[in-house]
Amino acid sequence: MDRKPTSAPNGRRDGAPVGDGRARCAYVETYGCQMNIADGELMEGVLEKEGYRIVGTPDQADVILVNTCAIRENAEERVMGRIGQLSGLRRDRPGLVLGVTGCMAQRMGESLLGDVRAVDLVVGPDGYRHLGRALEQVGPRRHSPGRRLSVLDLSLDENYRGLEQRRRSSVTAWVPVQRGCNHRCTFCIVPYVRGPEKNRDPDDVINEIRGLAGGGITEVTLLGQTVNSYRHGDRTFAGLLRAVARIDGIRRVRFTSPHPVDLTEDLVEVIATEPAVCEQFHLPLQSGSNAVLKRMVRRYTRETFRDRVAMLRAGVPGIALSTDVIAAFPGETDDDFEETIGFLSEIRFDEAFTYRYSERPGTPATRFPREWFIPEDVARERLNRLIEATRSVQAEINREEVGRVEEILVERPARSAGMMLGRTRRNKAVVAPGDRADIGNYLTVRLVDTTGVTFIAERVPDEAGPCAPGPPEA
């Protein structure tokens, strides 16, 4: 997911003029997952505290930070192209400082400074607390190259305690509760660029969300690389989720991304009995072949995955399930791939995010025999089949839901004039009539049509109430 920050009127703190007496301006452009989005908000919060004014376009900025993802090669290629574009702004702003932050910065390290002369600063995911100091050391280029700097140390205790994110949305909030990962899936770069699992103090999480609720935000999403493995002292993720769901003013709670191995009956029970917890679960499959799952070191089989799905659907009837699937992992045979297609047809996910395997330097999968790697044309064909199979099921499920009355939280204007985009509790995207005054409000709508992915709805009186299955009484 790519997301660019929006402009904001927030000014600098007093005492931060630079050179001509104005506050220096900073722009953060984020690529990647929800954790990257949260990190982008964190960086903006740090910069604002240091006296920078956050701006909405790069041509307004004295400092540009490109916040990056390293999960797939094409994401890094896009970022490299973007850095080239942004460096062209130096023609009009010779003092511009250009930095690369996040997972790609951590993976490539100081080689970014050596290979890309336009980059002045490289900061990994544990270095954001010191952004202000790093930028002071780099300084504006003006008419000479200036100093270049990397901040790449991974810290076992950096959870950014005491720092505030600069929230880009007044409707929903991403709340990191866990950073890093202890799993070692052979395809995944995350443990190597974000370090081992670090879980936040639950009291800090709860106090942060109380503050969000006090500011009018009613929906929060708890974030972690394998969020349901969270544990802090005696507090499990199920216990944290229950506590968050009971905070006054919080009406919806989501979380991502859980790992199938850490799905417990206690967690299902919390989803089923806490009214604020949404009836939605992201359960990454990655492959429907046991042989491939073993090479991935996913630590479950298709049979245990099927049992997890059954537990969720029995405990929370009507729950919407989404997943991730990788095509053409090294060693995947035609039969392995057909097993995945068949398993997806059996499970019937409401939504699936599909990917072609991307070789990531430093991950264990790169050490597999080269003859295991799938030819490009075969990999592309398998991905296309995955997309077709998963979207077909999604469209079938959504067509069956046309006619339902649902409650949506309005997030932003849709592309069509006079229409707004919102989401149901089960995370279905809905376009309905409205205007900007509806942003942040809950509307009752009837689903009247679907594109296969998004619903089109009409508004109905609030007293009609949603007909979607809700959680049973505690």
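Here we summarise the structure given alongside this text. (Residues numbered from 1 in each chain as written. Predicted model: local features only at pLDDT ≥ 70, side-chain atom pairs only at ≥ 80, totals over all residues. Heavy atoms only, no water.)

## What about the overall build of the chain?
Cut-off, in case you're wondering: Helix and strand assignments follow DSSP, with helices taken as H or I runs no shorter than four residues and strands as E runs no shorter than two, numbered in order from the N terminus. Here the globule rule is a power law, 2.2 Å times the number of residues to the power 0.38, and the radius of gyration is based on C-alpha atoms. Under the scheme applied here, a residue whose accessible area is under 20% of the maximum for its type counts as buried, over 50% as exposed, and between as partly exposed, the area being computed with a 1.4 Å probe on protein chains only. By the convention used here, residues are in contact when the closest approach between their heavy atoms is within 4.5 Å. Per-residue accessibility takes into account occlusion by the displayed protein chains alone, with areas from the Shrake-Rupley method and a 1.4 Å probe. The charge count includes Lys and Arg as positive and Asp and Glu as negative, but it does not include His or the ends of the chains. Here the site of a charge means NZ on Lys, CZ on Arg, CG on Asp, or CD on Glu.
Helices and strands together make up the secondary structure of the chain, namely 13 helices and 24 strands. Against the globule reference of 23 Å for 474 residues, the chain gives a C-alpha radius of gyration of 23 Å, in line with a compact fold. By the burial criterion, 56% of the 474 residues in the chain qualify as buried. When contacts within the chain are restricted to residue pairs at least 6 apart in sequence, long-range pairs at least 24 apart make up 73% of them. For the chain, the exposed area adds up to about 20400 Å²; of that, 47% sits on carbon and sulfur atoms. Distance between charge centres in the chain, computed from 67 positive and 69 negative side chains, equals 4 Å.

## Thoughts on the sheet that holds strand E13 (residues 219–223)
We apply this condition: Note on pairing: two strands pair once DSSP finds at least 2 bridges between them. Where helices are involved, their axes are fitted lines through C-alpha atoms of the stretch in contact, as for all axes, and angles between N-to-C directions lie from 0 to 180°.
Read across the open sheet, the three strands follow the order E10-E13-E16; overall the sheet is parallel. Of all the strands in the sheet, just strand E10 (172–176) and strand E16 (252–256) have a single pairing partner and so form its edges. Taking each pair of neighbouring strands and ignoring which way they run, the sheet shows an average axis angle of 25°. Direction of pairing for E10 relative to E13: parallel, over a ladder of five bridges. From the neighbouring strand, Val175 faces E13, where its bridge partner is Leu222. In the packing of helix H1 (residues 34–49) onto the sheet, the strands contacted are E10, E13 and E16, and the crossing angle to E10 comes to about 95°. Relative to E16, helix H8 (residues 237–245) is tilted by about 150°, and along the sheet it contacts E13 and E16.

## Remarks on the packing of helix H12 (residues 334–347) against helix H13 (residues 376–401)
Here is the rule: What sets the label is the angle itself: under 35 degrees gives roughly parallel, over 145 gives roughly antiparallel, 65 to 115 gives roughly perpendicular, and the rest give oblique. Crossings are classed by handedness, with left-handed meaning an anticlockwise turn of the near helix from the far one by less than a right angle and right-handed meaning a clockwise turn. Charged residues are taken to be Asp, Glu, Lys and Arg, nonpolar residues to be Ala, Val, Leu, Ile, Met, Phe, Trp, Tyr, Cys and Pro, and polar residues to be all remaining types, Gly included.
Across the interface, H12 lies against H13 with an axial gap of 10 Å and an inter-helix angle of 15°. Here H12 is positioned roughly parallel relative to H13, judged by the angle of their axes. Considering only the axes of H12 and H13, their crossing is right-handed. Across the interface between the two elements, Asp334, Phe337, Glu338, Thr340, Ile341 and Leu344 from H12 touch Arg382, Arg385, Leu386, Ala389 and Thr390 from H13. Here the contact of H12 with H13 is built from residues that sort into five nonpolar, two polar and four charged.

## What to know about the pattern of salt bridges
The condition that has to hold: Salt bridges are counted wherever a side-chain nitrogen of Lys or Arg sits within 4 Å of a carboxyl oxygen of Asp or Glu.
All told, the structure shown has 41 salt bridges when counted by the stated rule. Between Asp39 and Arg179 there is a salt bridge whose closest N-O contact spans 3.1 Å. One end of the pair, Asp39, is in helix H1; the other, Arg179, is in strand E11 (residues 178–179), and 140 residues separate them in sequence. Per residue, the accessibility class of Asp39 equals that of Arg179, and both read buried. Between Glu279 and Arg425 there is a salt bridge, with its nearest N and O atoms 2.7 Å apart. Here Arg425 lies in the loop between strand E21 (419–423) and strand E22 (429–433) and Glu279 lies in the loop between helix H9 (265–273) and strand E17 (280–282), a separation of 146 residues in the sequence.

## A short note on the sheet that holds E17
Strand pairing in a sheet relies on backbone hydrogen bonds. The paired strands run either parallel or antiparallel. Within the open sheet, the three strands sit side by side as E17-E18-E19. Their pairing is parallel. Looking at strand neighbours, the two that pair on one side only are E17 and strand E19 (351–356), the edges of this open sheet. In this sheet, adjacent strand axes meet at a mean angle of 15° when their direction is disregarded. Where E17 lies against strand E18 (residues 320–327), three bridges are found, and the strand directions are parallel. Following the sheet pairing, His282 is matched in E18 by Ser322.

## Notes on the packing of aromatic side chains
How we decide: Ring pairs are drawn from Phe, Tyr and Trp, using the six-membered ring of Trp, whenever the two centres fall within 6.5 Å, and their geometry is named by plane angle: stacked under 30 degrees, edge-to-face over 60, tilted for the rest.
Enumeration over the complete set of coordinates arrives at 11 aromatic pairs. Where Phe329 meets Tyr357, the ring centres are 5.3 Å apart and the plane angle is 85°; that geometry is what we call edge-to-face. Highlighted residues: Phe329 in the loop between E18 and H12 and Tyr357 in the loop between E19 and H13, separated in sequence by 28 residues. Across the pair, exposure class does not vary: Phe329 and Tyr357 are buried alike. A centroid spacing of 5.2 Å and a plane angle of 45° characterise the contact between Phe368 and Trp372, whose relative ring orientation is tilted. Taking the relative accessible area as the measure of exposure, Phe368 reaches 15% and is therefore buried.

## Notes on the side chain of Thr186
To keep it simple, the criterion reads: A 3.5 Å cut-off defines polar contacts: any pair of N or O atoms within that distance qualifies, except that in protein one atom must be a possible hydrogen donor and the other a possible acceptor, and neighbouring residues in sequence count only when both atoms are side-chain atoms.
Along the chain, Thr186 turns up in the loop between E11 and helix H6 (190–194). Here the side chain of Thr186 touches Arg295 through a polar contact of 2.7 Å, landing on its backbone oxygen. When sequence neighbours within four positions are dropped, the list of residues in contact with Thr186 reads Arg295, Met296, Val297, Phe329, Thr363, Pro364, Ala365 and Phe368.

## Examining the pairing of E13
Within E13, five of the five residues are buried, which leaves the element mostly enclosed by the surrounding structure. By the alternation rule, side chains of E13 split into Glu219, Thr221 and Leu223 and Val220 and Leu222, which are all buried. By the bridge criterion, five bridges tie E13 to E16 in an arrangement that is parallel. Opposite Thr221, over in E16, you have Arg254 as the bridge partner.

## Considering the nonpolar core
Counted only if it meets this: Among buried residues, those of type Ala, Val, Leu, Ile, Met, Phe, Trp, Tyr and Cys that are joined through side-chain atoms within 4.5 Å constitute a nonpolar core.
In this structure, Ile209, Val220, Leu222, Leu241 and Phe281 are the most contacted members of the largest nonpolar core, which totals 64 residues. Sorting elements by how many residues they give to this core places H8 first, with six residues. Apart from residues no more than four positions distant in its own chain, Phe281 is found in contact with Phe255, Pro258, Leu263, Leu267, Ile271, Leu312, Ile319, Ala320, Leu321 and Ser322. Counting 26 residues, the second-largest nonpolar core is a separate cluster that includes Cys25, Met104, Ala118 and Leu152.

## A look at the packing of H9 against helix H11 (residues 302–315)
Interhelical geometry of H9 versus H11 gives an angle of 30° and a closest axis separation of 9 Å. Of the possible angle classes, the one that applies to H9 and H11 is roughly parallel. Crossing of H9 against H11: the hand is right-handed. The residues of H11 that touch H9, namely those facing Glu265, Val268 and Ala272, are Met311, Leu312 and Gly315. Of the residues that constitute the contact of H9 with H11, the class distribution is four nonpolar, one polar and one charged.

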